[in-house]
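Here are the chains, one letter per residue:
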Amino acid sequence: KATGPAMLEAARFAQNDPLFESTQVRDIVHALHEAATSKDSGLWEPKLALALWVAEGKGPKDAVPQLEKLTAEYPQVPGVLGALAQLYRKLGWSPEQMHTLERLEHQFPYDPAALEIALALHDARGEWSEANRIIDQIAKLDGDNEIRLSRALEREDYATALAELKRLAQRRPDRRLI
């Protein structure tokens, strides 16, 4: 008999299975997440996937209570809080989104992915020095992170983008495309 983590791993593999059509893959992955949750109720990832399934099917508003419950149940998982912030953004609930982004930044100051999501808070407020502080923190935690490059390209700051490409090329001499 398969365990919850085994079912979760099967769902990860099924997501990229080229044998099935995308709708079939969605249904298979959904069934595997349900099975993983029923086998091991302590797994956060399939619960998050099921809550996001609700958001896609019924609408984001219907998934909010589930995601809020998950953030209380798994306060140590930045991905759950990040998903809640993104859901609030989709709904246009700015105060809730900003509060959630603040929580994400303060609860996970050493997680580059969490900080990258929380960066939207300072961008929205026009707090450029705070945004730069977070970008520096992300770069310090993960020297291969390309956040400076992507932000420079978004702002059409090609001089900064070129400098960042040169820095990345020095860090990764094995990547010829840089």
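See the structure printed just above.
The following paragraphs examine the structure supplied in this document. (Residues numbered from 1 in each chain as written. Predicted model: local features only at pLDDT ≥ 70, side-chain atom pairs only at ≥ 80, totals over all residues. Heavy atoms only, no water.)

**Section: the overall build of the protein chain**
For the record, the criterion: Think of it this way: any DSSP run of H or I at least four residues long counts as a helix, any run of E at least two long counts as a strand, and we number them from the N terminus. Working definition: with a 1.4 Å probe on protein chains only, accessible area under 20% of the residue-type maximum means buried, over 50% means exposed, and in between means partly exposed. Should any heavy atoms of two residues lie within 4.5 Å, those residues are considered in contact. For the area figures, the Shrake-Rupley method with a 1.4 Å probe applies, and any residue is considered shielded solely by the protein chains shown.
When helices and strands are counted, the protein chain shows 10 helices and 0 strands. Starting at the N terminus, the α and β elements of the protein chain follow one another as α-α-α-α-α-α-α-α-α-α. Its C-alpha atoms give the protein chain principal-axis dimensions of roughly 55 × 40 × 25 Å. Of all 178 residues assigned to the protein chain, the portion counted as buried reaches 38%. A separation of at least 24 residues holds for 43% of the contacts in the protein chain among residues at least 6 apart in sequence. For the protein chain, the accessible surface area stands at approximately 10,800 Å², while carbon and sulfur atoms represent 54% of it.

**Observations concerning the pattern of salt bridges**
Our working definition: The salt bridge definition used is simple: a Lys or Arg side-chain nitrogen within 4 Å of an Asp or Glu carboxyl oxygen.
Applying the stated criterion to the full structure yields 14 salt bridges. A single salt-bridge network, built from bridges that share partners, covers Asp144, Glu146, Arg171 and Arg172.

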